[in-house]
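Single-letter residue listing:
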Amino acid sequence: MLKKSFAMLLAVVLSIGSLAGCTSSDPAGGSEAGNSTQSTGGTAAAGSTETGGGTETANGAETDAQGTALTGEIEFSINRSEEEIAELFQPIADRFMAENPGTTVTIVKHETDAQIARTQLNAGEHPDVSITPRDIPPSELSRYYLPLGSVEELSQTYMYAGLMSQDGQSYALPNGVTHLGMVYNKQVINEHLGGQVPQTLDEWYAAAETLKAAGITPLWTNAGSQWPMSNWDSLAIEMSEDPGYRNSLMTVEEPWTEGTPLYQMATIFETFVKNDWVEEDTVMDQWESSKSMLAEGKIGFMVLGSWAVPQMQDVAESMGLNPDDIGFAPIPYKNDVSSDNPLNVLVIEDMLYAINKDTESPELARAFLEYFLSSEAPALLGLSSPIIGGAKSEYVQDLASMDYVVEMQEDLPDDTMKEFCNELQLDVFIGGTYLIDHVLEPVKNGGENTLNELNELWSSNLGNLQ
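These figures come from a predicted structure and were not determined experimentally. (Residues numbered from 1 in each chain as written. Predicted model: local features only at pLDDT ≥ 70, side-chain atom pairs only at ≥ 80, totals over all residues. Heavy atoms only, no water.)

Q: When you look at the sheet that holds strand β5 (residues 165-166) in this model, what are you seeing that I'm missing?
A: Two modes of strand pairing occur in sheets, parallel and antiparallel, and in both the strands are linked by backbone hydrogen bonds. Within the open sheet, the 3 strands sit side by side as β4-β6-β5. Their pairing is antiparallel. Strands at the two margins of the open sheet, each flanked by one partner only, are β4 (149-150) and β5. In terms of strand pairing, β4 meets strand β6 (residues 169-170) through 2 bridges, oriented antiparallel. Paired with Ser-150 across the two strands is Gln-169, which belongs to β6. (Pairing = 2+ DSSP bridges. Helix = DSSP H or I, 4+ residues; strand = E, 2+ residues; numbered from the N terminus.)

Q: Even after reading the chapter, I still don't get the side chain of His-110, so can you show me in this structure?
A: By the element assignment, His-110 lies in the loop between β2 (103-109) and α4 (114-123). Residue classification places His-110 among the buried positions, given a relative accessible area of 19%. The contact partners of His-110, leaving out residues within four places of it in the chain, are Ser-77, Ile-78, Asn-79 and Ile-131. (Buried < 20%, exposed > 50% of the residue type's maximum accessible area, 1.4 Å probe, protein only. Contact = heavy atoms within 4.5 Å.)

Q: Hey, could you run me through the packing of helix α3 (residues 82-99) against helix α14 (residues 362-373) in this one?
A: Geometrically, a packed helix pair is captured by the angle between its two axes and the distance between the axes. The N-to-C vectors of α3 and α14 enclose an angle of 125°; their axes lie 11 Å apart at closest approach. Classed by the angle they form, the pair α3 and α14 counts as oblique. Crossing handedness for the pair α3 and α14: right-handed. Residue-level inspection shows Phe-89, Ile-92, Ala-93, Arg-95, Phe-96 and Glu-99 of α3 in contact with α14, the latter providing Leu-364, Ala-367, Phe-368, Tyr-371 and Phe-372. Residues that form the contact of α3 with α14 fall into these classes: 9 nonpolar, no polar and 2 charged. (Axes fitted to C-alpha atoms, helices over the stretch in contact; angles between N-to-C directions. Parallel < 35°, antiparallel > 145°, perpendicular 65-115°, else oblique. Left-handed = near helix turned anticlockwise from the far one by under 90°. Nonpolar A, V, L, I, M, F, W, Y, C, P; charged D, E, K, R; others polar.)

Q: Would you explain the nonpolar core in this entry?
A: The nonpolar side chains of a soluble globular protein tend to be buried, and buried together. Of all hydrophobic cores here, the largest spans 118 residues; its most connected members are Phe-89, Trp-204, Trp-232, Leu-262, Phe-368 and Trp-458. The leading source of residues in this core is α14, at 8 residues. Excluding residues within four positions of it along the chain, Trp-458 makes contact with Leu-249, Met-250, Val-252, Glu-253, Pro-255, Trp-256, Met-417, Phe-420, Cys-421, Leu-424, Leu-426 and Val-428. The next biggest cluster of nonpolar side chains, apart from the first, holds 15 residues, and it includes Ile-136, Met-159, Val-347 and Ala-354. (Core = buried A, V, L, I, M, F, W, Y, C linked by side-chain atoms within 4.5 Å.)

By themselves, these observations are geometric and do not establish any function.
This is the structure we're talking about:
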């Protein structure tokens, strides 16, 4: 499936390449990507002849702002298997090295164990360019990473360039953007739901009842893996129809009261739990096995980003099943859906990349990060380009034909909001595992949700900020 995926994405790759080589003065065109970061000495997108204040040498090697050809060695981490790294991503680094003699770029597997990753981070032993944890307080970013440039300038080129910032400086860039929705098995829909993916909340509930009766788990939460729970908070942003909803909570005494987006989202989640429409074991990490179960038609839906589609397709093909049976659709979070009352689909960042402050090759690290982001890498990851105006993932292109769907991009989260949640040790909009403690576990055990406790925690500490 890896080679097949590469062939399928070739058209998308060529589209991204054309953006990188464009000579338009529009930052979204790609050739000006380096110009917005001149002060940091970064290079422009792949294919460009301008490099953030630098030039191109006679042999084609890129140079930094001081006119010195790039040299050095770096490691670049990615959350993919060794096989995928060797087949799909190291070749990108090899191409970069061929274009920049004297450089060594090695793609390494990202450490997914949170405790080990945190230990490496604190010890300064993480790769030169790596995926950054989301829970680092803004005030501590400079302790671990190098600034990439001003948020204002980088935001002219990259989506969500200010998500991890300190004092107006950006410390991380997204490897791509993904769309929030539902991953599902088309054969399950055809066999049990008449071929119709639910478009309203009532239809989603009815579909869940039908699938449960057929012995299929209607909604697989993957709560045991914890990180998938963050998608539910993103759903609350969709439901709010307010790009600044997250930031607005700093003026709300009780965010989880009836009628609020966070409460409505939690109610939908609770309904699935209360009716036993979720997996029986919500404690064990079953992420890898859930991919197989979805491919086999044992699961109805998963609330995930569109990035998950190619992973599910790879698993389906490895099992001798049809990868095209894996589909993606908007989350039907309300009723009366129409072109006049559309469903929002949130476009969100995927992983965020930052540069180790102790790297011995900062210019090379910056140059390759920008090269990677403007290459075919986002498409190979199942993502849309993080470059404004860049190519969209093939897995979300069907959304454009749905007149009841509108794409939505969130405003940058305020630092105060992030610091506040960090102080409360409440991972709202960060990890979403609070839903396990306050909704899933109490309801699954026959009790009621404890959202009132969240309101008390929030309101009792909110006054300390004012």
